[in-house]
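One letter stands for each residue in the lines below.
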Amino acid sequence: MGRVLITNALIFDGTGGEPRRGELLVEGNRIAPADAQGAPAERVIDAGGRFVMPGMVEGHAHLSFENVCATEDLIKPTPEAQAFTTARGARALIEAGFTSAYGASEAKLRLAVAVRDEVNAGRLPGPRIRAGGLEISVTGSIGDEGREHDPRTGPSTIVDGVEEMRRAVRMHCREGVDNVKIDVSGDPFYPGTPGHTTPMTFDEVRVAAETAHAYGRIINAHTRSVEGSKHCIRAGVDALFHCEYADEELFDMMEEARDRIFVVPTVGLFHQIMAGEAAAHGLSAEVGGYMNIPDLLENSCKTHTELRKRGIRHLIGGDYGFGWSPQGTQARDIEFFIDYYGYSPAEALVCATANGGLAMMDDGSLGTLEAGRLADLIIVDGNPLEDPRVLAGPDNVLFVMKDGAICKNALPRTPQDTAPRATAAASA
Ligand SMILES: [Zn+2]
């Protein structure tokens, strides 16, 4: 079994404890067990004193979004062009230190499925992918433009009633989607159904969840409204996206469900709009004001601060790939989690790593650098606990390993890099 020894490292293992100085041995595709210390390594990587941490997880991936400014940008391009776009999205994520992508939805049904299969076969660079499909929405809600929808042209498929919902979810399962996504609440980008409304019925949500689970898939929901989020908890939805509006009853329901749900605030988009970063694309802070974004952002802060206190498993990422938010910059969310929700830097890094690993694989084998876990890790120039901004982009992520394989190595070469030697027990 191949062994890679990472020496001279400052190791943050993703459990939230203080980082330690030492070495880390990878054996095959796993972090080596403690009793393997001292075994010879075929390859030695000198981290040069740098920060080693688990690979990050994008918690609400739209791999096929690139420079998107309007819904038309998701509909107009050909499937052939969008397949390349999706492949570029996957590459941008792995180069920026995201070793996993937990899918939300894509511009067309099978884009993430196809790229996932190519990445898994080793023919394209990219993270572990739980592939999303289309948005599953209802008449008059997100993505319904009042014309016949061909689910293969995307980005939404419109259903009404439990039978159509069951059929749509089954079709997603047949086409190889891992993560089914339903649009339970409205959204500020669709004025007819703003974020606090709940166009989807409880029965539709329940049938979607039952059907996805019957096929062994995950069910995720776009939900900003109080009622929508309650539908999701009652129906057994696995991950709730956005969740700005809440009341006491919802907080209690979520706390009770905290060991089975994940919550992805996707706060980056609102931050970017209100900070003027999207202004050049027609989405200035003033336009954001007309769209009620300040109210959504204010409620996002209140709700997710409370959910943090109640031990809800938050994930970072989501809604990147717009004209102002290129793929691979998702780790900006770490800073937003600290500033808006009151997370400590170490806790925010846990959201970016360990929590995401659990969402990807519920057996606990992914997301930390504890002995025996899957070897997904990155080496960073700079200390994210002191300045999380060093993670926001590919430049400071010098080394990426996924499943024990080196996907990126931009570390300065040192003479001992490739020389085999015995490993020493990790020292303090
Ligand atoms: Zn989204």
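Anything mentioned here points back to the structure above.
Computed from a predicted model, the values in this text were never measured in an experiment. (Residues numbered from 1 in each chain as written. Predicted model: local features only at pLDDT ≥ 70, side-chain atom pairs only at ≥ 80, totals over all residues. Heavy atoms only, no water.)

What follows deals with helix α2 (residues 79-95). Across its 17 residues, α2 extends 24 Å between first and last C-alpha, which sits within 8% of the 24 Å expected from 1.5 Å per residue. Regarding α2, the residues found buried are Q82, T85, T86, A87, G89, A90, L93 and I94. Looking at the residues trailing α2, positive phi occurs at G97, about 95 degrees. (Helix = DSSP H or I, 4+ residues; strand = E, 2+ residues; numbered from the N terminus. Expected span 1.5 Å × (residues − 1). Buried < 20%, exposed > 50% of the residue type's maximum accessible area, 1.4 Å probe, protein only.)

Moving on, we get to empty space enclosed by the protein. Here the structure, examined in full by the defined rule, presents one cavity of 30 Å³ or more. If you go around the largest cavity, the residues you meet are P54, G55, M56, V57, T99, S100, L366, G367 and D376. Secondary structure elements with two or more residues in the lining of the largest cavity: β7 (56-61) and β8 (98-103). Across the lining of the largest cavity, the residue classes break down as four nonpolar, four polar and one charged. A domain-level breakdown of the lining of the largest cavity finds at least three residues from each of domain 1 (3-54 + 367-422) and domain 2 (56-360). (1 Å grid on protein atoms, 1.4 Å probe; cavity = no way out; pocket = protein on both sides within 12 Å on 5 of 7 lines; lining within 4 Å. Points joined across faces, edges and corners; volume = space filled by probe spheres on them. Nonpolar A, V, L, I, M, F, W, Y, C, P; charged D, E, K, R; others polar. Domains from an automatic or database assignment.)

With that settled, consider the coordination of the zinc ion. Ideal values differ by geometry: the angle at a metal is 109.5 degrees with four tetrahedral donors, but 90 or 180 degrees with six octahedral donors. Looking at the zinc ion, the protein donor atoms are H60 (NE2), H62 (NE2) and D319 (OD), and they sit 2.0 to 2.1 Å from it. Along the chain, the residues donating to the zinc ion fall in the pattern H-x1-H-x256-D. Of this pair, H62 sits in the loop between β7 and α1 (72-75) while D319 sits in the loop between α10 (293-309) and α11 (332-341); the two residues are 257 residues apart in sequence, bridging distant segments of the chain. With a relative accessible area of 8%, D319 lands in the buried category. (Donors = N, O, S within 2.8 Å, 3.2 Å for Na, K, Ca; no water.)

We now examine unusual backbone geometry. Of note in this structure, H242 is not a glycine but carries a positive phi near 85 degrees. Among the structural elements, H242 can be located in strand β14 (residues 239-242). If you check the backbone angles, C243 has positive phi at about 50 degrees while not being a glycine. Tracing the backbone shows C243 in the loop between β14 and α7 (248-256). The class for C243 is buried, based on a relative accessible area of 1%.

Most of strand β12 (residues 179-183) is tucked away: five of the five residues are buried. Side-chain alternation along β12 places N179, K181 and D183 on one buried face and V180 and I182 on a second face that is also buried. Both strand β10 (residues 132-137) and β12 contribute to a ladder of three bridges, which runs parallel. Of the residues in β12, the one forming a bridge with I136 is I182. In this sheet, strand β13 (residues 218-223) lies alongside β12 in parallel orientation, the contact comprising five bridges. For V180, the partnering residue across the bridge sits in β13 and is I219. For the segment spanning β12, helix α5 (residues 202-214) and β13, crossover handedness is right-handed. (Pairing = 2+ DSSP bridges. Right-handed = clockwise from strand over helix to strand, strands pointing away.)

As summarised here, the arrangement of the three strands in space is β7-β8-β9, forming an open sheet in which the pairing is parallel. Where the open sheet ends on each side, the last strands, each with one partner, are β7 and β9 (128-130). This sheet shows a mean twist of 15 degrees between the axes of neighbouring strands, independent of strand direction. Relative to β8, β7 runs parallel, the two sharing four bridges. Following the sheet pairing, V57 is matched in β8 by S100. (Axes fitted to C-alpha atoms, helices over the stretch in contact; angles between N-to-C directions.)

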